[in-house]
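# Geometric and topological summary
In case you want the letters, here they are:
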Amino acid sequence: GWKAAVEHASSLGPLFQDRVKKLPGKDWYRLRRTLEVAYTILDDDDKEEKIKQLYNGQRQGGLDASPFYDVRCFFLCPDDRMTHTAVVDSRCEGMI
């Protein structure tokens, strides 16, 4: 269960132990991501450098490096969200 998974992730090193301590409740998604990162870099010779790159607080990749695009999307929904969702879906399908 959760306790065994947390103990295992914590056993992979002090960085991962610290990350697990910060998880809010039983956040399986973030625990799984922490384990994926740990397993990806455990066999790497330059493990410390990779850890610094991964957990530096900066987003990597994506469009945020470009000052020309703002791809945020907001939907202002009327009272019935499901009806609005159906309208948006049909318009998207129409564009395809």
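Residues numbered from 1 in each chain as written. Predicted model: local features only at pLDDT ≥ 70, side-chain atom pairs only at ≥ 80, totals over all residues. Heavy atoms only, no water.

## Observations concerning the overall build of the protein
What counts, and what does not: Secondary structure counts use DSSP, requiring at least four H or I residues in a row for a helix and at least two E residues in a row for a strand, with both numbered from the N terminus. Under the scheme applied here, a residue whose accessible area is under 20% of the maximum for its type counts as buried, over 50% as exposed, and between as partly exposed, the area being computed with a 1.4 Å probe on protein chains only. Note on contacts: a residue pair qualifies if any of its non-hydrogen atoms lie within 4.5 Å across the two residues. Where accessible areas are quoted, they stem from the Shrake-Rupley method and a 1.4 Å probe; at the residue level, only the protein chains shown are allowed to cover.
What the protein contains, in helices and strands, is five helices and zero strands. Seen in sequence order, the protein has helices and strands lined up from the N terminus as α-α-α-α-α. Across the 96 residues of the protein, 20% fall into the buried class. Pairs at least 24 apart in sequence give 35% of the contacts found in the protein among residues at least 6 apart. Put simply, the protein shows about 8,200 Å² of open surface, and 54% of that area lies on carbon and sulfur atoms.

## Side note on the packing of helix α2 (residues 14-21) against helix α3 (residues 28-41)
Filter applied, for reference: To obtain an axis, a line is fitted to C-alpha atoms, over the contacting stretch when the element is a helix, and the angle between two such axes runs from 0 to 180 degrees between their N-to-C directions. Roughly parallel means an angle under 35 degrees; roughly antiparallel means over 145; roughly perpendicular covers 65 to 115; every other angle is labelled oblique. The nonpolar class holds Ala, Val, Leu, Ile, Met, Phe, Trp, Tyr, Cys and Pro. Asp, Glu, Lys and Arg form the charged class, and all remaining residues, Gly among them, are polar.
Between α2 and α3, the least distance of the axes is 10 Å, while the angle of their chain directions is 170 degrees. The angle between α2 and α3 falls in the class roughly antiparallel. Along the contact surface, α2 presents F16, R19 and V20, while α3 presents L31, T34, V37, A38 and I41. Its residues placed into classes, the contact of α2 with α3 shows six nonpolar, one polar and one charged.

## Some thoughts on the nonpolar core
Here is the rule we go by: What is meant by a nonpolar core is a set of buried Ala, Val, Leu, Ile, Met, Phe, Trp, Tyr and Cys residues, joined one to another through side-chain atoms within 4.5 Å.
Among the nonpolar cores identified, the biggest contains 13 residues, and A9, L12, F16, L31 and L35 are the most heavily contacted of them. Those elements that place two or more of their residues in this core are α1 (2-10), α2 and α3. Among the elements that line this core, the one with the most residues is α3, at five residues. Each residue touching L35, except ones within four places of it in the same chain, is listed here: H8, A9 and L12.

## Description of the confidence of the model for the protein
So the rule is basically this: What pLDDT expresses is the predictor's confidence in each residue, scored from 0 to 100.
Mean pLDDT over the protein works out to 79, with 76% of the residues at or above the 70 mark. No element of the protein has a lower mean pLDDT than helix α4 (residues 47-54), at 71, and none a higher one than α1, at 92.

## Describing the packing of α1 against α2
Think of two packed helices as two axes; the pair is described by the angle between the axes and how far apart they sit. The contact between α1 and α2 brings their axes to 7 Å, and the two run at 145 degrees. Here V6, A9 and S10 of α1 lie close against α2, whose contacting residues are F16, Q17 and V20.

## Considerations on a negative patch on the surface
Spelled out, the test is: Patches here: salt-bridge-free residues with over 30% relative accessible area, like charges joined within 9 Å, nonpolar side chains (Val, Leu, Ile, Met, Phe, Trp, Tyr) joined within 5 Å. A side-chain nitrogen of Lys or Arg and a carboxyl oxygen of Asp or Glu constitute a salt bridge if their distance falls within 4 Å. In this count, Lys and Arg are taken as positive residues and Asp and Glu as negative ones, while His and the chain termini are left out. By convention, the charge on Lys lies at NZ, on Arg at CZ, on Asp at CG and on Glu at CD.
A cluster of acidic side chains, namely D45, D46, E48 and E49, defines a negative patch on the protein surface. Mapped onto the elements of the fold, D45 is located in the loop between α3 and α4.

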